[in-house]
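Topology and contacts: notes
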Amino acid sequence: MYKLYGRPGSGSVAPQMVLEEMGLAHEVVWVDPTEAQGAAYRKINPTGKVPALLLPDGHAMFESAAMVIHLTDSHPTALGPRPGTPAHASYLQWMFFLSATLYETFLRYFYADRYSSGGQDDAGRVKAQAAGDLLKAFGTLEDGLHPFLLGKEVSAADLYLFMLTTWYQPSADDLYRRFPRLAAMARAVAQRPAVAKVMAANA
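Just so it is clear, the model here is predicted, and its values are computed rather than measured.

What follows concerns the overall build of the chain. Summing up its helical and strand segments, the chain has 10 helices and four strands in all. When the helices and strands of the chain are listed from N to C terminus, the series reads β-α-β-α-α-β-β-α-α-α-α-α-α-α. On C-alpha atoms alone, the chain measures out to a radius of gyration of 17 Å, which is about the 17 Å that the 2.2 N^0.38 rule sets for 203 residues. Principal-axis analysis of the C-alpha atoms places the extent of the chain at approximately 45 × 45 × 35 Å. Across the 203 residues in the chain, those meeting the buried criterion constitute 47%. Summarising the internal contacts of the chain: among those between residues at least 6 apart in sequence, 63% fall at separations of at least 24. For the chain, the exposed area adds up to about 9900 Å²; of that, 55% sits on carbon and sulfur atoms. Of the charged side chains in the chain, 18 are positive and 19 negative, and the gap between their average positions amounts to 2 Å.

The following block contains the structure:
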């Protein structure tokens, strides 16, 4: 059994959706911020952040995108292309873009004071830059949807993207009004029973 350590509405949503979609036996453990900084949790995830994933053999890993890729590579389904194929190359491309570019930009947006030596004095400028960068990144994704990131079928990359769209402020609907392909993708993903179940658990 997999054990996923997370927090409602956090980066644990994507691996949770993948576990649910694949029908893999798993347990979800909610970790509050104070607990995450404790010695017990840091043995699982030395960064003191969520998510963390305990594999069936007892090995622990962190980084949500890495978890998603590991799960789809380890349990072949339509959610992840076979390693070594051109489709898998595209899958890796989008997963890294989502994690390294879009996810990171959301962190700059929500925690702007942490991204400058000026702290709160510079937070407004950092947040404004991040807001613009978010729209640029979503624009790149909009161009890449046909109608999903890997083509005609939903992949785990679309689940990860859907998670990130729900973080947009003031609301995901504001984002969807700007990007019609993104809106169509999000509607299709949200209607999947496994996704709806996970989103309800994270509400």
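Where helix H1 (residues 13-22) contacts helix H7 (residues 156-165), the two axes come as close as 9 Å, and the packing angle between them is 140 degrees. The orientation of H1 with respect to H7, classified from their angle, is oblique. Pair H1 / H7 crosses with right-handed handedness. Facing H1, whose interface residues are Val 13, Ala 14, Met 17, Val 18 and Glu 21, H7 presents Ala 156, Leu 159, Tyr 160, Phe 162 and Met 163.

In terms of nonpolar packing, the biggest core is built from 56 residues, with Leu 53, Leu 102, Phe 138, Tyr 160, Leu 161, Met 163 and Leu 164 touching the most fellow members. Excluding residues that lie within four positions of it along the chain, Leu 102 makes contacts with Phe 97, Leu 134, Ala 137, Phe 138, Leu 141, Leu 161 and Leu 164. With seven residues, the next largest nonpolar core counts Val 31, Tyr 41, Ile 44 and Ala 52 among its residues.

Structurally, Gln 37 is set in the loop between helix H2 (33-36) and helix H3 (39-42). Dropping the residues within four chain positions of it, Gln 37 is found in contact with Arg 42 and Gly 48. At 2.6 Å, the side chain of Gln 37 forms a polar contact with the side chain of Arg 42.

Definitions and cut-offs
- Residues numbered from 1 in each chain as written.
- Predicted model: local features only at pLDDT ≥ 70, side-chain atom pairs only at ≥ 80, totals over all residues.
- Heavy atoms only, no water.
- Helix = DSSP H or I, 4+ residues; strand = E, 2+ residues; numbered from the N terminus.
- Rg over C-alpha atoms; globule rule 2.2 N^0.38 Å.
- Buried < 20%, exposed > 50% of the residue type's maximum accessible area, 1.4 Å probe, protein only.
- Contact = heavy atoms within 4.5 Å.
- Areas by Shrake-Rupley, 256 points an atom, 1.4 Å probe, with all protein chains shown as cover.
- Lys, Arg positive; Asp, Glu negative; His and termini not counted.
- Charge placed at Lys NZ, Arg CZ, Asp CG, Glu CD.
- Axes fitted to C-alpha atoms, helices over the stretch in contact; angles between N-to-C directions.
- Parallel < 35°, antiparallel > 145°, perpendicular 65-115°, else oblique.
- Left-handed = near helix turned anticlockwise from the far one by under 90°.
- Core = buried A, V, L, I, M, F, W, Y, C linked by side-chain atoms within 4.5 Å.
- Polar contact = N/O pair within 3.5 Å; in protein donor to acceptor, adjacent residues only side chain to side chain.

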